[in-house]
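Residue-level structure breakdown
This is what each chain is made of:
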Amino acid sequence: MRLKIINIATDFSDLPYGRMRGDGPASAQVFREDILAPALKTHDKVTVVLDGVFGYASSFLEEAFGGLKRQGFTEFQLMHKLEIVSNDDKHLLKEVADYIKDKGN
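In what follows, the accompanying structure is described. (Residues numbered from 1 in each chain as written. Predicted model: local features only at pLDDT ≥ 70, side-chain atom pairs only at ≥ 80, totals over all residues. Heavy atoms only, no water.)

1. Digging into the sheet that holds strand β2 (residues 45–49)
Just so we agree on the cut-off: We treat two strands as partners when DSSP finds at least two bridges between them. Each helix is a run of H or I in the DSSP string that is no shorter than four residues. Each strand is a run of E no shorter than two, and both are numbered from the N terminus. Axis lines are fitted through C-alpha atoms, for helices just across the contact stretch, and the angle between N-to-C directions can take any value from 0 to 180 degrees.
Taken together, three strands build an open sheet; the order of strands is β1-β2-β3 and the sheet is parallel. Edge positions in the sheet fall to β1 (3–7) and β3 (82–85), since each has one partner strand and no second. Strand-to-strand twist across the sheet, computed as the mean angle between neighbouring axes with direction ignored, equals 15 degrees. In the sheet, β2 pairs with β3 via four bridges, with the strands oriented parallel. Bridging from a neighbouring strand, Val49 pairs with Val85 of β3.

2. Remarks on the packing of aromatic side chains
Our working definition: Any two of the Phe, Tyr and Trp rings considered here, Trp counted by its six-membered ring, make a pair once their centres fall within 6.5 Å; the pair's planes then place it as stacked at under 30 degrees, edge-to-face at over 60, or tilted in between. Each residue's exposure class comes from its accessible area (1.4 Å probe, protein chains only) as a fraction of the maximum for that residue type: buried when under 20%, exposed when over 50%, partly exposed otherwise.
Summed over the entire model, instances satisfying the criterion amount to four aromatic pairs. Judged by centre distance (5.8 Å) and plane angle (40 degrees), the rings of Tyr56 and Phe60 are tilted. By relative accessible area, Tyr56 is classed as buried at 16%. Phe60 gets classed as buried once you look at its relative accessible area, which sits at 0%. Members of the aromatic cluster, joined through ring pairs, are Phe12, Phe31, Tyr56, Phe60 and Phe65.

Pasting the structure below:
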């Protein structure tokens, strides 16, 4: 089984911001398209650690995780392949799950 751990703070940015690529290099679209989606395509299980950043805008989380479904991943795939970890803010777990299930829009 191929496992991948992505720590947003150390592997991407400790100050993630913006929804679309044009918003800057730490945007959700950049994270999703360049890091998260490729990992989901090449690994059996992907763990994303949300801790260690200066905060998340809901638009970042929706684009990064809800955007996976618009990119062609199914809710079933995401619920089985993707694990979200947040020890700093447990509310983020439900928020991300809601975006994946289209309940946060």
